[in-house]
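# Breakdown of the fold
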There are 2 protein chains.
Amino acid sequence: MKKSLVVAVAGATGAVGREMLSVLAERNFPASSVLALASSRSAGSRVPYGDDELVVRELTRESFRGVNLALFSAGGSTSLEYAPYAAASGCVVVDNSSAWRMDDRCPLVVPEVNPHALENHNGIIANPNCSTIQMVVALKPLHDAAGIRRVVVSTYQAVSGTGQKGIAELESQVRQLFNGRDPEIKTYPHRIAFNCLPHIDVFLDNEYTREEMKMVHETTKIMEDPGIRVTATCVRVPVFYGHSEAINIETAKKLSAREARALLATAPGVQVCDNPAQTMYPMAVDAAGEDAVFVGRIREDESIANGLNLWVVADNVRKGAALNAVQIAEELLKRDLLAVRAPDMFVK
Amino acid sequence: MKKSLVVAVAGATGAVGREMLSVLAERNFPASSVLALASSRSAGSRVPYGDDELVVRELTRESFRGVNLALFSAGGSTSLEYAPYAAASGCVVVDNSSAWRMDDRCPLVVPEVNPHALENHNGIIANPNCSTIQMVVALKPLHDAAGIRRVVVSTYQAVSGTGQKGIAELESQVRQLFNGRDPEIKTYPHRIAFNCLPHIDVFLDNEYTREEMKMVHETTKIMEDPGIRVTATCVRVPVFYGHSEAINIETAKKLSAREARALLATAPGVQVCDNPAQTMYPMAVDAAGEDAVFVGRIREDESIANGLNLWVVADNVRKGAALNAVQIAEELLKRDLLAVRAPDMFVK
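In what follows, the accompanying structure is described. (Residues numbered from 1 in each chain as written. Chains lettered and ligands numbered in written order. Predicted model: local features only at pLDDT ≥ 70, side-chain atom pairs only at ≥ 80, totals over all residues. Heavy atoms only, no water.)

### A word on the overall build of chain A
Note the cut-off: To qualify as a helix, a DSSP run of H or I must reach at least 4 residues; to qualify as a strand, a run of E must reach at least 2; elements of each kind are numbered from the N terminus. With the radius of gyration taken over C-alpha atoms, the globule rule is written as 2.2 Å times the number of residues to the power 0.38. Here the open area of atoms and residues is found with the Shrake-Rupley method and a 1.4 Å probe, where only the protein chains shown may cover a residue.
Each helix and strand in chain A was counted, giving 8 helices and 14 strands. In summary, chain A has a C-alpha radius of gyration of 20 Å against a globular reference of 20 Å for 348 residues, a match within 12%. Dimensions of chain A, computed from the C-alpha atoms along their principal axes, are close to 60 × 55 × 45 Å. In the structure as shown, chain A presents an accessible area of about 12900 Å², 46% of it carried by carbon and sulfur atoms.

### Side note on empty space enclosed by the protein
Any space left empty among the atoms is revealed by the rolling of a water-sized probe across them. Put simply, the rule reads: Grid points spaced at 1 Å over the protein atoms alone were grouped into cavities, where a 1.4 Å probe fits but cannot get out, and pockets, open sets with protein on both sides within 12 Å along at least five of seven lines, with lining residues defined by an atom within 4 Å of a point. Grid points are joined across faces, edges and corners, and a volume is the space filled by probe spheres set on the points.
With the rule as written, the count across this model stands at 2 cavities of 30 Å³ or more. Of the voids in this model, the largest cavity is the one considered here, and its volume is about 60 Å³. Lining the largest cavity are Val152(A), Val153(A), Ser154(A), Thr231(A), Ala232(A), Thr233(A), Val152(B), Ser154(B), Ala246(B), Ile247(B), Asn248(B) and Asn309(B). Listed by contribution, the elements that provide at least two residues to the lining of the largest cavity are strand S9 (148–156) and strand S10 (229–233) of chain A together with strand S9 (148–156) and strand S11 (243–251) of chain B.

### With respect to the sheet that holds strand S14 (residues 307–314) of chain B
Residue and element names in this part refer to chain B. Test applied: Strands qualify as paired when DSSP identifies two bridges or more between them. What counts as an axis is a line fitted to C-alpha atoms, over the stretch in contact for a helix, and the angles between N-to-C directions run from 0 to 180 degrees.
Taken in spatial order, the 6 strands make up an open sheet running S10-S9-S11-S14-S13-S12, and their pairing is mixed. Unpaired on one side and paired on the other, strand S10 (229–233) and strand S12 (270–272) mark the two borders of the sheet. Put simply, the sheet's adjacent strands are angled 25 degrees from each other on average, direction ignored. Here strand S13 (residues 293–300) runs beside S14; their pairing, made up of 5 bridges, is antiparallel. Counted as the bridge partner of Phe-294 is Val-313 from S14.

### Structural notes on the pairing of S11(B)
Residue and element names in this part refer to chain B. We count it as follows: Exposure is judged per residue with a 1.4 Å probe applied to protein chains only, and the accessible area is read against the type maximum: over 50% gives exposed, under 20% gives buried, and values in between give partly exposed.
In terms of residue burial, S11 counts as a mostly covered element, since 8 of its 9 residues are buried. Direction of pairing for S9 relative to S11: antiparallel, over a ladder of 8 bridges. Counterpart to Ile-148 in the pairing with S11 is Thr-251.

### Some details on the state of the cysteines
Selection criterion: Any two cysteine sulfur atoms within 2.5 Å of one another count as a disulfide.
This model, assessed by the stated rule, comprises 0 disulfides over all chains. Distance from the sulfur of Cys196(A), which forms no disulfide, to the nearest cysteine sulfur (Cys196(B)) is 7.6 Å. For Cys196(A), a relative accessible area of 1% puts it in the buried group. Counting only cysteine sulfurs, Cys234(B) is the nearest neighbor of Cys130(B), a cysteine outside any disulfide, at a range of 8.8 Å. Judged by relative accessible area, Cys130(B) falls into the buried class, the value being 13%.

### Things to note about the packing of helix H4 (residues 164–178) of chain A against helix H4 (residues 164–178) of chain B
Our working definition: By the definition adopted for this analysis, an angle is roughly parallel if under 35 degrees, roughly antiparallel if over 145, roughly perpendicular if from 65 to 115, and oblique otherwise. Helix crossings get a hand from a simple test, with the near helix turned counterclockwise from the far one by less than a right angle marking a left-handed crossing and a clockwise turn marking a right-handed one. Whether two residues are in contact is decided by their heavy atoms: any pair within 4.5 Å suffices. In this count, Pro and Cys sit with the nonpolar residues alongside Ala, Val, Leu, Ile, Met, Phe, Trp and Tyr, while Asp, Glu, Lys and Arg are called charged and the others, Gly among them, polar.
Orientation of H4(A) relative to H4(B), taken along the N-to-C sense of each, is 115 degrees, at an axis distance of 12 Å. For the element pair H4(A) / H4(B), the angle class is roughly perpendicular. Pair H4(A) / H4(B) crosses with left-handed handedness. Seen from H4(A), the contacting residues are Glu171(A), Val174(A), Arg175(A) and Phe178(A); seen from H4(B), they are Glu171(B), Val174(B), Arg175(B) and Phe178(B). For the contact of H4(A) with H4(B), the residue count by class is 4 nonpolar, no polar and 4 charged.

### Structural notes on the sheet that holds strand S8 (residues 124–126) of chain A
Residues and elements named next belong to chain A. With parallel pairing, the 6 strands of this open sheet are ordered in space as S5-S2-S1-S6-S7-S8. With one partner strand each, in any of the chains shown, strand S5 (57–58) and S8 form the two edges of the open sheet. In this structure, strand S1 (residues 6–10) lies alongside strand S2 (residues 33–38), joined through 5 bridges in parallel fashion. Directly across from Val-7, in S2, lies its bridge partner Val-34. With respect to the sheet, helix H2 (residues 76–88) is in contact with strand S6 (69–72), strand S7 (92–95) and S8, its orientation differing from that of S6 by roughly 175 degrees. Those strands touched by helix H8 (residues 318–334) are S6, S7 and S8, and its axis lies near 160 degrees from that of S6.

### Brief notes about unusual backbone geometry
One non-glycine residue, Glu207(A), lies in positive phi territory at about 75 degrees. With a phi close to 50 degrees, Asn28(B) is a non-glycine residue in the positive phi region. Position of Asn28(B) among the secondary structure elements: in the loop between helix H1 (15–26) and strand S2 (33–38). Classification of Asn28(B) as exposed rests on a relative accessible area of 62%.

### Topic: the environment of Val94(A)
All names here are of chain A. Residue placement: Val-94 occurs in strand S7. With relative accessibility at 0%, the residue Val-94 sits in the buried group. Along the sequence, Val-94 and Ile-124 sit 30 residues apart, while their C-alpha atoms lie 6.1 Å from each other. Those residues in contact with Val-94 that sit more than four places away from it in its chain are Leu-69, Ala-70, Leu-71, Phe-72, Ile-125, Ala-325, Ile-328 and Leu-332.

### Brief notes about the pattern of salt bridges
Residues and elements named next belong to chain A. The line we're drawing: By definition here, a salt bridge exists when the distance from a side-chain nitrogen of Lys or Arg to a carboxyl oxygen of Asp or Glu is within 4 Å.
Evaluation of the coordinates by the stated rule reveals 44 salt bridges over all chains. Between Glu-19 and Arg-318 there is a salt bridge; the shortest N-O distance is 2.9 Å. Taken as a pair, Glu-19 in helix H1 (residues 15–26) and Arg-318 in helix H8 lie far apart in primary sequence, 299 residues in all. For the pair Glu-19 and Arg-318, a shared accessibility class is recorded, and that class is buried. For Arg-335, the salt bridge identified is with Glu-331, shortest N-O distance 2.8 Å. Judged by relative accessible area, which is 27%, Arg-335 ranks as partly exposed.

### Let's talk about the packing of aromatic side chains
Formally: Two rings from Phe, Tyr or Trp (for Trp, the six-membered ring) form a pair when their centres sit within 6.5 Å of each other. Planes less than 30 degrees apart are called stacked, planes more than 60 degrees apart edge-to-face, and all others tilted.
Enumeration according to the criterion identifies 13 aromatic pairs over all chains in this entry. On the basis of an interplanar angle of 40 degrees and a centroid distance of 6.1 Å, the ring pair of Tyr281(A) and Phe203(B) is categorised as tilted. Residue Tyr281(A) is found in the loop between strand S12 (270–272) and helix H7 (284–287), and its partner Phe203(B) is found in the loop between H4 and helix H5 (210–223); the two belong to separate chains. For Tyr281(A), a relative accessible area of 2% puts it in the buried group. We classify Phe203(B) as buried; its relative accessible area is 18%. Their ring planes at 70 degrees and their centres at 5.0 Å tell us that Tyr156(B) and Trp311(B) sit as a pair that is edge-to-face. Taken together, the residues Tyr156(B) in strand S9 and Trp311(B) in strand S14 connect sequence positions 155 residues apart. For Trp311(B), a relative accessible area of 0% gives the class buried. Every member of this aromatic cluster is reached through a ring pair, and the members are Tyr156(A), Trp311(A), Tyr156(B) and Trp311(B).

### Quick look at the relation of the copies chain A and chain B
Heads up, the rule is: The copies are overlaid by a least-squares fit using only the C-alpha atoms of residues whose pLDDT is at least 70 in both copies.
Superposition record for chain A on chain B: RMSD 0.0 Å, screw rotation 180 degrees, translation along axis 0.0 Å. Such values leave the two copies arranged in the relation of a two-fold axis. Looking at chain A, 98% of its interface residues are interface residues in chain B too, so the copies touch through the same face.

What follows is the structure, given as structure tokens:
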């Protein structure tokens with residue numbers, strides 16, 4: 001472990017960036033100093049870091065000199081522009097955008113699932129999409145035991161997945177409606193208050209959204225098994241924090257609900273919450289602020305021979321983004337991988 | 001057609017009962033008189049019927065003398081108690097509760113799907129569960145063309161499905177939260193405001209909810225094909241009106257998204273709303289107050305050979321309950337079936 005680790009958070013003023021600073025402080029990440037970076041617009045403002053405050057500095061190509069580790073949550077185009085310069089400076093990047101996730105040169109990592117993928121990193125490591133992270137944490141122990149062949153997932157995604165502007169949009173639309181005014185539509189294509197939008201990220205040529213295809217492609221990359229077929233419907237719901245997912249799986253080997261529950265009970269990062277008689281099941285309001293991926297409603301799917309249904313909930317800003325990125329950083333430290341082998345790989 | 005048709009609505013003060021009266025008036029159902037019936041608690045109150053008001057009378061075993069048709073939306077136990085006496089009086093009952101749905105003596109009817117099942121009715125006809133109605137309206141044309149083998153459905157159900165107390169609960173919890181108070185929990189087991197509850201109706205021994213098993217069993221009865229295997233996850237979401245459903249189907253014959261769209265475009269009761277490029281897809285807020293079942297996000301499921309995904313939305317109080325019951329009544333009239341052949345069949 002390096003004696004004096006300098007850590008930067010790029011996109012420090014966003015919902016995920018703030019949570020990254022909060023998680024770094026709360027887990028006592030061994031940083032000798034932490035830099036908060038954001039666009040010039042935010043430079044000079046302050047963000048909390050534990051009991052302290054950090055003055056936000058402008059993100060530039062030169063920001064990463066002498067920095068050992070950078071957590072990026074600044075959007076895909078910012079990441080494409082600046083992460084290569086960070087890596088070129090010898091700074092290892094953990095990036096929360098979708099920019100590098102399907103790049104063969106970049107590991108896509110959920111520490112509970114494929115930490116070994118970090119061993120061959122080239123300076124930029126991708127943090128998966130929030131809905132994918134919580135799904136693979138729940139599916140990994142079942143896949144190891146019974147071989148998942150197919151996944152049908154429907155999501156119930158919180159507005160915090162869109163960042164602070166998503167949270168503000170739901171809040172202001174609810175206030176407007178409850179005061180008899182027309183809700184103003186700014187962030188989403190349609191009203192989100194008391195509505196469900198089957199539309200997250202942009203539509204692609206195959207009529208799926210990019211969010212849906214992220215769940216398809218990222219799952220096979222993280223699970224390292226192209227034999228897992230995934231189909232997804234991603235839906236934004238009027239919830240502030242916490243993504244919920246109805247997940248149906250088909251396995252090669254039969255798994256009873258009881259066996260699945262036992263496997264999940266000892267799986268890393270999972271908390272089983274499954275006692276219908278006591279009306280106990282995972283819920284977004286309970287998951288908010290928590291580290292675990294909560295799994296419940298575990299039941300055999302009687303429509304096929306080897307099927308299971310699960311209800312999986314996690315804090316999308318935390319395990320779905322900031323916490324997972326910090327866990328990757330912790331794993332890099334533990335494995336002594338905080339060095340860039342080929343600094344110029346990503347600079348064009 | 002009878003010259004002077006007397007119609008009763010039992011449970012006339014509830015959310016669905018009021019909508020039944022509204023739909024009867026709006027569609028000019030040929031009633032010479034309409035009786036509003038409810039529990040003794042509501043007797044003497046008034047409910048709207050078109051431009052008029054009706055005085056609510058107490059529901060008793062004698063309420064149905066001289067009544068030709070009764071639409072019930074008064075809960076399962078009330079229906080079990082009074083519907084047999086209505087039928088014994090020669091009054092045809094269309095019942096919205098779950099009491100008679102799986103009874104072999106009672107047809108379970110969605111007029112767009114299996115109107116012929118009315119031909120052999122015995123005085124009590126069951127109106128299906130709201131989530132099932134909108135699903136089978138969308139699935140019927142696809143089943144006829146390609147043979148549906150399996151359905152995986154996840155629902156996003158509005159609080160109006162719980163009646164007026166569900167609507168009141170969401171509204172008051174939102175007000176309390178926005179005023180910094182703890183939300184009071186009365187109707188649902190947990191907070192519904194800004195949350196998702198994977199729990200509708202009671203839990204059964206197989207760990208599914210009764211709502212989920214209704215979707216399994218009612219679908220095969222209405223579609224008259226036990227070969228259709230269904231698995232469901234039913235979820236309450238903080239939406240006032242309009243149930244949404246993410247439906248994945250596997251068919252015997254390959255159907256392209258384009259073929260499915262063409263079949264649905266001419267299907268009775270369906271409105272296709274599927275233009276992602278214009279951000280057009282079905283939404284709860286648009287479906288509220290409408291008759292149609294809206295279908296969109298029609299796309300091929302690349303995880304299996306013959307799979308499709310659909311997003312189906314309808315007004316749960318309207319097509320999911322009141323409108324479907326009135327459409328059954330219209331079909332009974334059209335087929336001259338407003339008579340009870342075996343009046344004592346259901347009286348114990």
